[in-house]
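Chain by chain, the residues run as shown.
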Amino acid sequence: MAQKPKVDPHVGRLGYLQALVTEFQETESQDAKEQVLANLANFAYDPSNYQYLRQLQVLDLFLDSLSEENETLVEFAIGGLCNLCSDRANKEHILQAGGIPLITNCLSSPNEETVLSAVTTLIYLSSPGPGSLPELTTLPVVQCMLRFSLSANTRLRNLAQIFLEDLCSPSQVAEARSRQAHSALGIPLPRTAAPEQC
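Just so we're clear, the structure is a prediction, and the values are computed from it rather than from any experiment.

What to know about the overall build of the chain
Part 1: In terms of helices and strands, the chain carries eleven helices and zero strands.
Part 2: Reading the helices (α) and strands (β) of the chain from amino to carboxyl end gives α-α-α-α-α-α-α-α-α-α-α.
Part 3: Scored against the burial criterion, the 198 residues of the chain give a buried share of 46%.

So, the pattern of salt bridges
Part 1: With the rule as written, the count across this model stands at four salt bridges.
Part 2: Between Arg54 and Asp87 there is a salt bridge whose closest N-O contact spans 3.1 Å. Highlighted residues: Arg54 in helix α3 (residues 50–55) and Asp87 in the loop between α5 (71–84) and α6 (88–96), separated in sequence by 33 residues.
Part 3: With its nearest N and O atoms 2.9 Å apart, the salt bridge here joins Glu175 to Arg179.

Regarding the packing of aromatic side chains
Part 1: What the rule picks out here adds up to one aromatic pair.
Part 2: For Lys33, the ring lying beneath its charged end belongs to Phe24, and the centroid distance is 4.2 Å.

Considering the nonpolar core
Part 1: Among the nonpolar cores identified, the biggest contains 54 residues, and Leu40, Phe62, Leu66, Leu107, Val119, Met145 and Phe148 are the most heavily contacted of them.
Part 2: Ranked by residues supplied to this core, first place goes to helix α8 (residues 112–125) with seven residues.

A word on the packing of α5 against α8
Part 1: Across the interface, α5 lies against α8 with an axial gap of 9 Å and an inter-helix angle of 25 degrees. Between α5 and α8, the interaxial angle falls into the category roughly parallel. When the axes of α5 and α8 are compared, the crossing they make is left-handed. Only Glu113, Thr114, Ser117, Ala118, Thr120, Thr121 and Tyr124 of α8 make contact with α5, whose side of the interface consists of Glu71, Val74, Glu75, Ile78, Gly79, Leu81 and Cys82.
Part 2: Per-class residue counts for the contact of α5 with α8 are six nonpolar, five polar and three charged.

Re the confidence of the model for the chain
Close inspection of predicted coordinates is inappropriate for parts of the model with low pLDDT.
Part 1: Chain-level pLDDT for the chain is 87 on average; 82% of the residues reach the 70-or-more range.
Part 2: Every residue in residues 181–186 is under pLDDT 50, and counting partners more than four places away or in other chains gives ten contacts.
Part 3: Within the model, pLDDT remains below 50 along residues 193–198, and this stretch shows one contact once partners closer than five positions in the same chain are excluded.

Details of the environment of Glu113
Part 1: Here Glu113 is to be found in helix α8.
Part 2: The spacing of Glu113 and Leu156 is 43 residues in sequence and 9.5 Å in space, taken between C-alpha atoms.
Part 3: At a separation of 2.7 Å, a polar atom in the side chain of Glu113 contacts the side chain of Arg155.

Focus on unusual backbone geometry
Part 1: A positive phi is found at Gln57, a non-glycine position, where the angle reads about 60 degrees.
Part 2: Overall, Gln57 belongs to the exposed group, its relative accessible area being 54%.

Some thoughts on the packing of helix α4 (residues 58–65) against α5
Part 1: Between α4 and α5, whose axes approach to 8 Å, the crossing angle comes to 140 degrees. Here α5 runs oblique to α4, going by the angle between their axes. Here the hand of the crossing between α4 and α5 comes out left-handed. Every residue of α5 that contacts α4 at Leu59, Phe62, Leu63 and Ser65 is listed here: Leu73, Val74, Phe76, Ala77, Gly80, Leu81 and Leu84.
Part 2: Per-class residue counts for the contact of α4 with α5 are nine nonpolar, two polar and no charged.

Concerning helix α1 (residues 12–26)
Part 1: Taking 1.5 Å as the rise per residue, α1 with 15 residues should run 21 Å; its terminal C-alpha atoms sit 21 Å apart, in good agreement.
Part 2: Residues of α1 that are buried: Gly15, Leu17, Ala19, Leu20, Val21, Glu23 and Phe24.
Part 3: Looking at the buried residues of α1, the elements they touch are α2 (30–43), α3, α4 and α5.

Thresholds, definitions, all that
- Residues numbered from 1 in each chain as written.
- Predicted model: local features only at pLDDT ≥ 70, side-chain atom pairs only at ≥ 80, totals over all residues.
- Heavy atoms only, no water.
- Helix = DSSP H or I, 4+ residues; strand = E, 2+ residues; numbered from the N terminus.
- Buried < 20%, exposed > 50% of the residue type's maximum accessible area, 1.4 Å probe, protein only.
- Salt bridge = Lys/Arg side-chain N within 4 Å of Asp/Glu carboxyl O.
- Phe/Tyr/Trp six-rings, centres within 6.5 Å; stacked < 30°, edge-to-face > 60°.
- Lys NZ or Arg CZ within 6 Å of the ring centre and 35° of its normal.
- Core = buried A, V, L, I, M, F, W, Y, C linked by side-chain atoms within 4.5 Å.
- Axes fitted to C-alpha atoms, helices over the stretch in contact; angles between N-to-C directions.
- Parallel < 35°, antiparallel > 145°, perpendicular 65-115°, else oblique.
- Left-handed = near helix turned anticlockwise from the far one by under 90°.
- Contact = heavy atoms within 4.5 Å.
- Nonpolar A, V, L, I, M, F, W, Y, C, P; charged D, E, K, R; others polar.
- pLDDT = per-residue confidence, 0-100.
- Polar contact = N/O pair within 3.5 Å; in protein donor to acceptor, adjacent residues only side chain to side chain.
- Expected span 1.5 Å × (residues − 1).

If you want it as structure tokens, here you go:
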């Protein structure tokens, strides 16, 4: 388990977040990187941290981490982006940084939480009404959402349904349905967690 960075309590929130970013960049330990990214993703949940996280380029750190081979880092990175993207300035940054393809790549993750966060992030990144961001609703993405809308996982099924209803036009959904030999067929549904033993 990674140790908490040693931070002077008088440095404040910005200093603490800076120490986390520095630790992430300097550590060689995968466990420490995972722990730090998880902490940053948790801090991304609080709107009072948004300005600091933008200042420290944590959004770019999250976007960069989406390309990691380590599934845990990807899960925490997309979770952090999901927490941040309801804010207009953060949303604009993600869009301008070319985040949509990185996020849509997460739809093929075997990790259920990664997929749930990716779908939620895509929904948050959209503007009201179908066709606001054409790259969000490309045919493979719509086909993928159609598959997810049939998932046994209620959360995934509901999020996919929201995506299809709120972001896609009826013609986009109809076209995706009509192409049975579609490219999303090879995308596996994420693994669901084993039910807990009573």
